[in-house]
Amino acid sequence: KLKNWRKGFDTPPPACSSYSKDYPGNDHRLEKYVKDMRFSFKESLFRSIQDGRFRLHRKFPKSESLKMCMDRSIPFYTDKIVPEAVARGKRVLVVSHENAIRGILMHLCDIPE
């Protein structure tokens, strides 16, 4: 199963808990950068009760396959990086996790699923 999750295309790994240390919504450094994800009412309610003060929480994915990652990262690459840097002849350094890089390379090199 692990090999299917790590190297598969559209098979996501099991979802993590929103209280897990690995859940991206628990990394408060991301709050100022993530503006395009919708808010989770349920998560905001539970976290506000737990913290004793009201805070809105974004709905981060709890699991993601390579296909889901490509659906998220390739539009960003084509809409932001290409027109703002590549088309202007600038050098671009893309730093990300393995799935996002794999997805962008599959897109650039026309590698099939």
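(A) Layout of helix α4 (residues 98–108). Turning to α4, its buried residues number three or more, namely Asn 99, Ala 100, Gly 103, Ile 104 and Met 106. Seen along its axis, α4 keeps its buried residues to an arc of 160°; they face one direction. Packed against the buried residues of α4 are α3 (66–84). Downstream of α4 by a residue or two, Asp 110 has a phi angle that is positive, lying close to 55°.

(B) View of the pattern of salt bridges. Per the counting criterion, the structure on display carries 5 salt bridges. Here Lys 21 makes a salt bridge to Asp 22, at a shortest N to O gap of 3.2 Å. A salt bridge links Asp 71 to Lys 67; its shortest N-O distance comes to 3.3 Å. Taken as a pair, Asp 71 and Lys 67 lie in helix α3 at a separation of 4 residues, close to a single helical turn. Assessed through its relative accessible area of 49%, Asp 71 is described here as partly exposed.

(C) Expanded view of the packing of aromatic side chains. Summed over the entire model, instances satisfying the criterion amount to 1 aromatic pair. Measuring from centroid to centroid gives 6.3 Å for Tyr 23 and Phe 60, while their planes differ by 85°, and the two rings are edge-to-face. Linking Tyr 23 in the loop between α1 (2–7) and α2 (41–51) with Phe 60 in the loop between α2 and α3, this pair joins segments that are 37 residues apart in sequence. Phe 60 gets classed as buried once you look at its relative accessible area, which sits at 12%. A cation sits over an aromatic face here: Arg 58 above Phe 39, 4.0 Å from the ring centre.

(D) Seen up close, α2. Burial in α2 covers these residues: Glu 43, Ser 44, Arg 47 and Ser 48. Buried residues in α2, looked at end-on, bunch into an arc of 125°, giving them a common side. Away from its buried face, by an angle of more than 90 degrees, α2 presents the exposed residues Phe 41, Lys 42, Ile 49 and Gln 50. For α2, the N-terminal capping position is held by Ser 40, with its side-chain oxygen 3.1 Å away from the main-chain nitrogen of Glu 43. Gly 52, located one to two residues past α2, shows a positive phi value of around 80°.

(E) Local environment of the environment of Phe 41. One can find Phe 41 in helix α2. On the basis of relative accessibility, which here comes to 68%, the residue Phe 41 falls in the exposed class. Along the backbone, Phe 41 and Leu 56 are 15 residues apart, and their C-alpha atoms lie at a distance of 7.7 Å.

(F) Representation of the confidence of the model for the protein chain in the model. The share of residues in the protein chain with pLDDT of 70 or more is 100%, and the mean pLDDT across the chain is 87. Averaged pLDDT values for the elements of the protein chain fall to 73 in α1 and rise to 91 in α3.

Conventions used here
Residues numbered from 1 in each chain as written. Predicted model: local features only at pLDDT ≥ 70, side-chain atom pairs only at ≥ 80, totals over all residues. Heavy atoms only, no water. Buried < 20%, exposed > 50% of the residue type's maximum accessible area, 1.4 Å probe, protein only. Helix = DSSP H or I, 4+ residues; strand = E, 2+ residues; numbered from the N terminus. Arc of directions from axis to C-beta. Contact = heavy atoms within 4.5 Å. Salt bridge = Lys/Arg side-chain N within 4 Å of Asp/Glu carboxyl O. Phe/Tyr/Trp six-rings, centres within 6.5 Å; stacked < 30°, edge-to-face > 60°. Lys NZ or Arg CZ within 6 Å of the ring centre and 35° of its normal. Polar contact = N/O pair within 3.5 Å; in protein donor to acceptor, adjacent residues only side chain to side chain. pLDDT = per-residue confidence, 0-100.

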